[in-house]
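# Examining the three-dimensional arrangement
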Amino acid sequence: MGKFLSDFKEFAMKGNIVDMAVGVIVGGAFGKIVSSLVNDIIMPVISIATGGDGLKNLKYVIVAGRDATAEGVAAVEEVAVNYGMFIQNIVDFLIIALSIFVALRVIMKFKKKETEAPAAPPEPSKEEVLLTEIRDLLKQQNKK
């Protein structure tokens, strides 16, 4: 049992697992933010533009629903194609995809700056050049 726990601890503490867990948690929170953006900001504006209650309520009714009557006629549930909800989910997806794309571009830009080759060393100053020449002359004199 002790070997099992130590193996599990080693597995759980690997850098990739921890990074993945952080990514899942941040991704979940990010998803909530984007959903709120869509539901609370973008969709109300689209509702005003379309002059209705929003995309969620757009549907094509195949069979209209009706309540049960006192005469014993059974209730009928509405059968409809809810294309408005489908459109809203597409808008959600596009906004989430765009947000992730922008976030990844920013991250990759920072990583690219980190991995670029270091700048060439600066040109030596006049003093350094002069000292190098003096050193070389002294070496030549010592050889003679």
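Presented here is an overview of the structure given in this document.

Basis of the calculations
- Residues numbered from 1 in each chain as written.
- Predicted model: local features only at pLDDT ≥ 70, side-chain atom pairs only at ≥ 80, totals over all residues.
- Heavy atoms only, no water.
- Helix = DSSP H or I, 4+ residues; strand = E, 2+ residues; numbered from the N terminus.
- Rg over C-alpha atoms; globule rule 2.2 N^0.38 Å.
- Contact = heavy atoms within 4.5 Å.
- Areas by Shrake-Rupley, 256 points an atom, 1.4 Å probe, with all protein chains shown as cover.
- Lys, Arg positive; Asp, Glu negative; His and termini not counted.
- Charge placed at Lys NZ, Arg CZ, Asp CG, Glu CD.
- 1 Å grid on protein atoms, 1.4 Å probe; cavity = no way out; pocket = protein on both sides within 12 Å on 5 of 7 lines; lining within 4 Å.
- Points joined across faces, edges and corners; volume = space filled by probe spheres on them.
- Nonpolar A, V, L, I, M, F, W, Y, C, P; charged D, E, K, R; others polar.
- Buried < 20%, exposed > 50% of the residue type's maximum accessible area, 1.4 Å probe, protein only.
- Core = buried A, V, L, I, M, F, W, Y, C linked by side-chain atoms within 4.5 Å.
- Salt bridge = Lys/Arg side-chain N within 4 Å of Asp/Glu carboxyl O.
- Patch = residues over 30% accessible without salt bridge, like charges linked within 9 Å, V, L, I, M, F, W, Y side chains within 5 Å.

## Description of the overall build of the chain
The secondary structure content of the chain amounts to 4 helices and 2 strands. Each helix (α) and strand (β) of the chain, taken in turn from the N terminus, gives the series α-α-β-β-α-α. For 144 residues, the compact-globule formula gives about 15 Å, and the C-alpha radius of gyration of the chain, at 34 Å, lies well above that figure. Sequence-distant contacts, at least 24 apart, represent 40% of the contacts inside the chain between residues at least 6 apart. Surface exposure of the chain reaches about 12500 Å², of which carbon and sulfur atoms provide 66%. Distance between charge centres in the chain, computed from 17 positive and 17 negative side chains, equals 11 Å.

## Here's the deal with the layout of surface pockets
Any empty space left between the atoms is revealed when a probe the size of a water molecule rolls over them. Each pocket or cavity is described by its volume, and for the largest pocket that value is around 220 Å³. Around the largest pocket, the lining residues are Val-26, Gly-27, Phe-30, Ile-100, Ala-103, Leu-104 and Ile-107. Counting residues per element, the ones that place at least two in the lining of the largest pocket are helix 2 (15-50) and helix 3 (83-115). Ranked by residues supplied to the lining of the largest pocket, first place goes to helix 3 with 4 residues. Per-class residue counts for the lining of the largest pocket are 6 nonpolar, 1 polar and no charged.

## Considerations on the environment of Val-129
Among the structural elements, Val-129 can be located in helix 4 (residues 126-143). Owing to a relative accessible area of 37%, Val-129 belongs among the partly exposed residues under this scheme. Separated by 90 residues in the primary sequence, Val-129 and Asn-39 have C-alpha atoms spaced 67 Å apart.

## Regarding the nonpolar core
Soluble globular proteins tend to bury their nonpolar side chains together. Within the largest apolar cluster, 6 residues are counted, these being Val-34, Val-38, Met-43, Leu-55, Val-91 and Ile-95. Among the elements of the structure, helix 2 and helix 3 are those that each provide at least two residues to this core. No other element matches the 3 residues that helix 2 contributes to this core. Sequence-distant contacts of Val-38, defined by excluding residues within four places in its chain, comprise Met-43, Pro-44, Gln-88, Val-91, Asp-92 and Ile-95.

## Thoughts on the environment of Ile-134
Within the secondary structure layout, Ile-134 lies in helix 4. Ile-134 sits in the partly exposed class, given a relative accessible area of 39%.

## A closer look at the pattern of salt bridges
Overall, the coordinates contain 3 salt bridges when judged by the stated rule. For Glu-78, the salt bridge goes to Lys-59, with nearest N and O atoms at 2.8 Å. Within this pair, whereas Glu-78 is found in the loop between strand 1 (60-63) and strand 2 (79-81), its partner Lys-59 is found in the loop between helix 2 and strand 1, the two being separated by 19 residues in sequence. With a shortest N-O distance of 3.3 Å, Asp-136 and Arg-135 are connected by a salt bridge. For Arg-135, a relative accessible area of 43% puts it in the partly exposed group.

## Side note on a nonpolar patch on the surface
The grouping of Leu-58, Tyr-60, Ile-62, Val-63, Val-79, Val-81, Tyr-83, Phe-86, Ile-87, Ile-90, Phe-93 and Leu-94 at the surface amounts to a nonpolar patch, some 1100 Å² of accessible area in total. Of all the secondary-structure elements, those providing two or more residues to the nonpolar patch are strand 1, strand 2 and helix 3. It is helix 3 that contributes the most residues to the nonpolar patch, 6 residues altogether. On the basis of relative accessibility, which here comes to 33%, the residue Ile-87 falls in the partly exposed class.

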